[in-house]
Amino acid sequence: MKIGFIGVGAMARAIIKGLLASEAVSAEDVSIHSAHKGRYSKFAQDNSVVACESNIQVVQQSDVVVLAVTPDQAELVLQEIRDELTTKTLISIVGGMSINRLEELAGYNLPILRALPNINVEIMAGMTALAANDQLIETSRKQLGELFQSLGEISWQPETSFGIFSALAGSSPAYVDFFIDSLSRVGVKYGLTKDAATKIAAQAVQGSAKMVLQSSQTPFELIDQVSSPGGSTVAGLLAMEEAGFMTAVVKGIDATVKKDSQVD
Ligand SMILES: NC(=O)C1=CN([C@@H]2O[C@H](COP(=O)(O)OP(=O)(O)OC[C@H]3O[C@@H](n4cnc5c(N)ncnc54)[C@H](O)[C@@H]3O)[C@@H](O)[C@H]2O)C=CC1
Ligand SMILES: O=C(O)[C@@H]1CCC=N1
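Please read all numbers here as calculations on a predicted model, not as lab measurements. Throughout, a residue's number is its position along its own chain's written sequence, starting from 1. As a convention, the first chain written is A and the first ligand written is 1, with the rest following in written order. In view of the model being predicted, local features appear only for residues whose pLDDT reaches at least 70, and side-chain atom pairs are presented and counted only at 80 or more, with totals across whole chains, interfaces and linings using the full set of residues.

### Focus: the site of ligand 1
Residues are classed as near a molecule or strand if the C-beta position derived from their backbone is within 6 Å of it. Taken together, 27 residues surround ligand 1, and among them Gly7, Gly9, Ser34, Ala35 and Gly95 come closest. Elements are defined by DSSP. Helices are runs of H or I of four residues or more, strands are runs of E of two residues or more, and each kind is numbered from the N terminus. Those elements that provide at least two residues to the shell around ligand 1 are helix H1 (10–21) and helix H4 (71–81). Sort the elements by how many residues they give to the shell around ligand 1 and H4 lands first, with four residues. For the shell around ligand 1, a count of residues per class yields 16 nonpolar, 11 polar and no charged. Gly is put with the polar residues, along with every residue not named as nonpolar or charged; the nonpolar set is Ala, Val, Leu, Ile, Met, Phe, Trp, Tyr, Cys and Pro, and the charged set is Asp, Glu, Lys and Arg.

What follows is the structure in structure tokens.
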């Protein structure tokens, strides 16, 4: 499969690196173009993928085109490439932009897969939501589903769930990193080096996530297992909750979902 990327920012780079590392695609089958020649040519060189001179050239060289620009650029880019897309499949990772809107911008009903990956696809530990229009035939759905599966877990979702999915999986790596960084800063406050504190905190977070995924117990039951009677963990938990831990998380997710819903 020849796959092209329009926009070579943080997310496209993560997808490309994951696809190459998982050997789901070969480097010579990947074409890229973005607004900053210096940056995308260097990335192309470093990863042995093909640097194109224009968005149109990317489309011409690909069977599947990944639209990986920010929402404010998507309309402009689709207008530019729409006449070249007629025999292609479009994958859009544009946050908050529905398939209906993409069809409207293209002006006709081409096969579209809407994907909402997260940054962890780079290390094949991603979580990606997928939805498709009726033009994407079953074999292509299966093939593109497998493509994203090579980057981690996938979940076919109705588009109405993409807003909350985007917050819980797309944006949450930033929030989890914020939590890890907060833990490691306190570690520094108590005299650990930043490197040591970050590694300790990240390993604890990774292990806890694995426990949640592998155990039959709920996160709340796992909290109880760590909280020894009269111990330090419950004292810490109560102090965090007094400072509004859960409220802060809910408010953060509410704001994320609200912003995502303002794109279309
Ligand atoms: N960063 C993330 O974790 C995730 C991002 N997304 C979505 O992916 C899209 C890209 O996000 P990021 O990679 O974070 O943004 P970014 O700002 O890092 O990358 C945007 C890319 O688009 C390029 N670009 C801008 N105008 C262009 C044009 N006219 N033609 C070609 N390329 C153009 C820029 O040069 C840049 O390479 C967004 O729509 C975002 O909602 C979706 C899921 C997760
Ligand atoms: O921040 C953003 O808008 C995108 C959507 C999900 C993750 N990053």
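Now, onward.
### A short note on the pairing of strand S1 (residues 3–6)
Here a residue counts as buried when 20 or more other C-beta atoms sit within 10 Å of its C-beta, as exposed when there are 12 or fewer, and as partly exposed otherwise, the C-beta atoms being derived from the backbone. Judged by which residues are buried, S1 turns out to be covered on both faces: Ile3 and Phe5 on one side and Gly4 and Ile6 on the other are all buried. In this scheme, strands are said to pair when DSSP sees at least two bridges between them. Across four bridges, S1 lies against strand S2 (residues 30–33) in parallel orientation. Its bridge partner being in S2, Ile6 is matched across the sheet by His33. In this sheet, strand S4 (residues 64–67) lies alongside S1 in parallel orientation, the contact comprising four bridges. Looking at the pairing, Phe5 lines up with Val66 of S4.

### Some thoughts on the site of ligand 2
Ligand 2 sits among Gly95, Ser166, Gly170 and Ser171. Broken down by class, the residue content of the shell around ligand 2 amounts to no nonpolar, four polar and no charged.

### Examining the packing of helix H7 (residues 162–189) against helix H11 (residues 245–260)
At a minimum axis separation of 9 Å, H7 and H11 run at an interaxial angle of 120 degrees. Between H7 and H11, the interaxial angle falls into the category oblique. The interaxial crossing formed by H7 with H11 has right-handed handedness. In this structure, H7 contributes Gly163, Ile164, Ser166, Ala167, Ser171 and Tyr175 to the contact, and H11 contributes Gly252, Ile253, Thr256, Val257 and Asp260. Residue classes in the contact of H7 with H11 are distributed as five nonpolar, five polar and one charged. Fitted lines through C-alpha atoms serve as axes, helices being fitted only where they are in contact, and the angles separating the N-to-C directions of these axes extend from 0 to 180 degrees. Working definition: roughly parallel below 35 degrees, roughly antiparallel above 145 degrees, roughly perpendicular at 65 to 115 degrees, and oblique for all remaining angles. If you view the pair so one helix is near and one far, a crossing is left-handed when the near helix is turned anticlockwise from the far one by less than a right angle, and right-handed when it is turned clockwise. What counts as a contact is two residues whose backbone-derived C-beta atoms lie within 7 Å of each other.

### Quick word on the UniProt feature "domain: Pyrroline-5-carboxylate reductase catalytic N-terminal" (unreviewed entry) in the protein chain
Mapped onto this structure's residue numbering, the UniProt feature "domain: Pyrroline-5-carboxylate reductase catalytic N-terminal" (unreviewed entry) falls at residues 2–94. Between the C-alpha atoms that bound residues 2–94 the distance is 20 Å, and the span itself is 43% helix and 19% strand. UniProt positions are given in the numbering used here, feature names are shortened, and annotations may be inferred rather than shown by experiment.

### Re helix H10 (residues 232–242)
The element H10 is largely exposed, with a buried count of zero among its 11 residues. Of the residues one or two after H10, Gly244 is the one with positive phi, at around 90 degrees.

### A closer look at the domain arrangement of the protein chain
For the domains described, the bounds stem from an automatic or database domain assignment. One can read the domain layout of the protein chain as domain 1 (3–157) and domain 2 (165–260). Taking the mean C-alpha position of each, domain 1 and domain 2 sit 32 Å from one another. In terms of residue class, the side of domain 1 that touches domain 2 is made up of four nonpolar, five polar and no charged.

### Focus on the sheet that holds strand S8 (residues 152–156)
With mixed pairing, the eight strands of this open sheet are ordered in space as S3-S2-S1-S4-S5-S6-S7-S8. Lying at the two open borders of the sheet, with one neighbouring strand each, are strand S3 (50–51) and S8. Those strands touched by H7 are strand S6 (112–116) and strand S7 (126–132), and its axis lies near 45 degrees from that of S6.

### A few points about the environment of Ser150
Secondary-structure assignment places Ser150 in the loop between helix H6 (138–149) and S8. Among the residues examined, Ser150 registers 17 C-beta atoms within 10 Å and is labelled partly exposed. Once the C-alpha coordinates of Ser150 and Val188 are considered, the two residues, 38 residues apart in sequence, prove to be 37 Å apart. In this structure, Ser150 is in contact with Leu19, Ser22 and Ala24, ignoring residues within four places of it in sequence.

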